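Report on the structure
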Amino acid sequence: MRLKEALKALKERIFEESSILLPLLAVALFALYIVSAYCGLRLGESGQAGSTDGIFAFFSAIGPYAGLFLTLYAVFAAVVIFFENKNPDRTIAWMLILLFLPVVGFVLYFLFGPNLNKRAAFRELKHKKSAIMERWAEDELRALESMAASVFPWKTVISLLKTSMAPLTFRNALEVLTNGDATFPAIKSSLSEAERFIHMEYFSIANDGIGNEIRGILERKAKEGLRVRLIYDSVGSWNIGKDYIESLKSAGVEVYPFAPISLPMLRRKLNHRNHRKIIVIDGKVGFMGGLNIGDKYLSRDRRFGFWRDTHLKIEGEAVHKLQDVFLSDWRFCSGQDLDEPDLFPQMGGPSLWTPVQIVNSGPDLDLSPVMIGYFSLIASATERIWITTPYLVPGESIKTALKVASLSGLDVRIIVPGLADHIFVFWASQANIDDLLAAGVRIFSYNNGFIHSKVVIVDGKAASVGTTNLDLRSFEINFEIQAFIYNKEVASRLEQDFMDDLTQCREFTLEERARKPFVQKTKEAVGRLWTAQV
C-alpha cells in the first residue's frame, strides 16, 4: 500500500515538474528555431566567407532538429489534452491547432491554453483544514445525512459540505451592504475597532483615495501592536505600486502577493487568479462580496459611472470558515502555518439565527463547489430564480438547469450589465442570451452604470452572495469565496435590491435579438470561441 502511494506521489511530482520544465524547454526550442531560421537567411545572403559564417552555419544546421523537437512537443501536448481535458470542443480545437500549426499553436497554447494538471500545479495550496473545522464538518455531515428534508435545501447543504468542507453555521448576524457607499464606511469602522488582528485578502487594491484610507487604518493598527496581514493578487492589483506595499511593511503590516508572475510559470499563474475578497477581524467579524478596494467601486470612474455591487458583513460562526480559507491562502503565499490560540475564538453570540455556509472554490479542488451549489439551488426552486451577474457564460450544465426551470413554469430572471468591462467576456455573455430567451428566461440589461453584483436568489428563502460570477472562469479557474444563506429576511432584502435594479433595466426580446446586425453576430461568435478555450 505504501509503495502504491509512493508511486502515485512520484507520478504527481513528475507531472507537476513537467508542467514547468516542458514549457521552458519548448520556449528554448522555439527561440533556437527562430535564430536558426535567421542564420539560414543570413548565410544565404552572404556571398563571401566571413568570420561569422561558421556561427550562422552551425545554427542553420541545427534548426531542423529544433523544429522537429518543437513539433514533437506539440504532439505530446495534444496527446495529454486528449486524455486530460473534459471539454470535447476545447479538446478538438487545441489538438487541431497544435497538430497543424505546431509553432504558432505552441505559442497560443502556452499563453492561453488550459493547464495540463491544475491540481498538481496548486498542490501546495491543497486546503489543510484546521482541527476545529475538520471535526466540525465531519460531525455535521453525519448529523445532516440522517435528517429528512425540512425548511433548508438539504441537498444543497450536504453537497457543499462534501465538496468544500463548508459547515452550516447558525449563530450569525448578517448585513447586506448595497454598493460602495454602504460597504466602505462599514469596513473602515470595523477595522478601526479591531483589538487583536486583521486579516485581509483582495483580488484588486488600488493606490487611490479609498485605497490609501484603508492603508492608513492598517498601518495605524499595526503600529498599535495588532497583527495585520494582507494578501493581494499580483495580477488584479498589478498597478498597486511598490511604494504602497513598502509603506505597509514599514509600519509592521505583513504583506504577500498571491502567485506573483514569473516567466517559468507565466501562463499558469496568469490564468489562475485569486478573485476572493475577504476581511476577518479578531475572528469574530468578517466581510466578503463583490467589491474590491478602489475609487471605481465608489462610482468615481468616468468610464463606468455608477458602480452597482453587493457585499456582506458577517458576525458569528460563519467567520470561522472565512478565517480558515484565509489561513490556507496565507500558508500558500508566505509559507507560514499560523497556529495562534485566538484565531478561532469562542462565539458567545449573536442570538440571531441566520443559517450560512461559506464556500471556497478553486483549481486546488477536485470539483467546483460553487457551481454545484448554484446547480443544486436552481434545481430545488419551486417558484422563482432571480440572478444578478456581470458575466453570463454559465456552461451547459447551469444553462440547461435554468432552461428546464423556466420551461417548468418558474419565474427565471437574470440581470446583466449593459456596459462591457472585459470585451470578449461581454461578447460571450451576449452570445448566451438568445438560447435562454427561447426557453422563456427573462434577461435584462442594466443601464445605470455597471452592475457587478454576484447574487442568486431562490424562492425568497435562500440566496448566494460572493465573488463568483456566472461564468466558467469563476467556476473552474479562479479562486472564489461564496456565501450560501438560508434565511427569508436576507433573501427578501436581496429581492428588494433586485426589484430596484429592474427599474434601471431594459428587457431583451427575441424579436429584437433576431434583428441584430452581422457585426454583432460576429462579435458574439468570437466571444463564444474565446471563452471556450480559456
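It should be emphasised that the depicted structure is a prediction, and the values quoted were computed from it without experimental measurement.

**Topic: helix α18 (residues 488–502)**
With 15 residues, α18 should cover 21 Å at 1.5 Å per step; its first-to-last C-alpha distance of 21 Å lies within 8% of that length. What α18 keeps buried is the set V490, A491, L494, E495, D497, F498, D501 and L502. Taken around the axis of α18, the buried residues stretch over an arc of 160 degrees, which confines them to a single face. Residues of α18 that are exposed and point more than 90 degrees away from the buried face comprise K488 and E489. The opening residue of α18 is N487, an N-cap whose side-chain oxygen sits 3.0 Å from the backbone nitrogen of E489.

**What to know about the side chain of S464**
For S464, the position within the fold is in strand β16 (residues 462–466). Taking the relative accessible area as the measure of exposure, S464 reaches 0% and is therefore buried. Here the side chain of S464 touches A483 through a polar contact of 3.1 Å, landing on its backbone oxygen.

**Some details on the packing of helix α9 (residues 209–223) against helix α10 (residues 242–250)**
In contact at an axis separation of 9 Å, α9 and α10 are set at 20 degrees when each is read in the N-to-C sense. Overall, the two elements α9 and α10 adopt an arrangement that is roughly parallel. In the packing of α9 onto α10, the handedness of the crossing is right-handed. Across the interface between the two elements, G211, N212, R215, L218 and E219 from α9 touch Y244, S247 and L248 from α10.

**Digging into the pairing of strand β18 (residues 480–486)**
The element β18 is extensively covered by neighbouring structure, given that seven of its seven residues are classed as buried. Residues E480, Q482, F484 and Y486 line one face of β18 and the alternating positions I481, A483 and I485 line the opposite face, and both faces are buried. Here six bridges tie strand β9 (residues 353–361) to β18, and the two strands are oriented antiparallel to one another. Each bridged residue has a counterpart across the sheet, and for Q357 the counterpart in β18 is F484.

**Section: unusual backbone geometry**
Where the residue is not glycine, phi is negative for most of them; where a peptide bond is considered, it is trans in most cases. Even without being glycine, N179 reaches a positive phi, approximately 75 degrees. Here N179 lies in helix α8 (residues 179–192). If you check the backbone angles, S299 has positive phi at about 65 degrees while not being a glycine.

**Focus: the packing of helix α7 (residues 154–164) against helix α13 (residues 369–380)**
Following both chains from N to C, one finds α7 and α13 inclined at 170 degrees, their axes separated by 9 Å at the closest point. By the criterion of interaxial angle, the relationship of α7 to α13 is roughly antiparallel. Contact with α7, carried on its side by K155, T156, S159, L160, T163 and S164, involves P369, I372, G373, S376 and L377 of α13 and no other residues of that element. Partitioned by chemical class, the residues of the contact of α7 with α13 number four nonpolar, six polar and one charged.

**Focus on the pattern of salt bridges**
Within this structure, the stated rule accounts for 28 salt bridges. For D434, the salt bridge identified is with R513, shortest N-O distance 2.5 Å. Of the two residues, D434 sits in helix α16 (residues 433–438) while R513 sits in helix α19 (residues 510–514), which places them 79 residues apart along the sequence. With a closest N to O distance of 2.8 Å, D434 and K516 form a salt bridge. Placement of D434 in helix α16 and of K516 in the loop between α19 and α20 (518–532) is noted, with a sequence separation of 82 residues between them. You can call K516 buried: its relative accessible area is 16%. Through salt bridges that share partners, R196, R227, R229, E254, E340 and D342 make up one connected network.

Here is what the cut-offs are and how they apply
Residues numbered from 1 in each chain as written. Predicted model: local features only at pLDDT ≥ 70, side-chain atom pairs only at ≥ 80, totals over all residues. Heavy atoms only, no water. Helix = DSSP H or I, 4+ residues; strand = E, 2+ residues; numbered from the N terminus. Expected span 1.5 Å × (residues − 1). Buried < 20%, exposed > 50% of the residue type's maximum accessible area, 1.4 Å probe, protein only. Arc of directions from axis to C-beta. Polar contact = N/O pair within 3.5 Å; in protein donor to acceptor, adjacent residues only side chain to side chain. Axes fitted to C-alpha atoms, helices over the stretch in contact; angles between N-to-C directions. Parallel < 35°, antiparallel > 145°, perpendicular 65-115°, else oblique. Left-handed = near helix turned anticlockwise from the far one by under 90°. Contact = heavy atoms within 4.5 Å. Pairing = 2+ DSSP bridges. Nonpolar A, V, L, I, M, F, W, Y, C, P; charged D, E, K, R; others polar. Salt bridge = Lys/Arg side-chain N within 4 Å of Asp/Glu carboxyl O.

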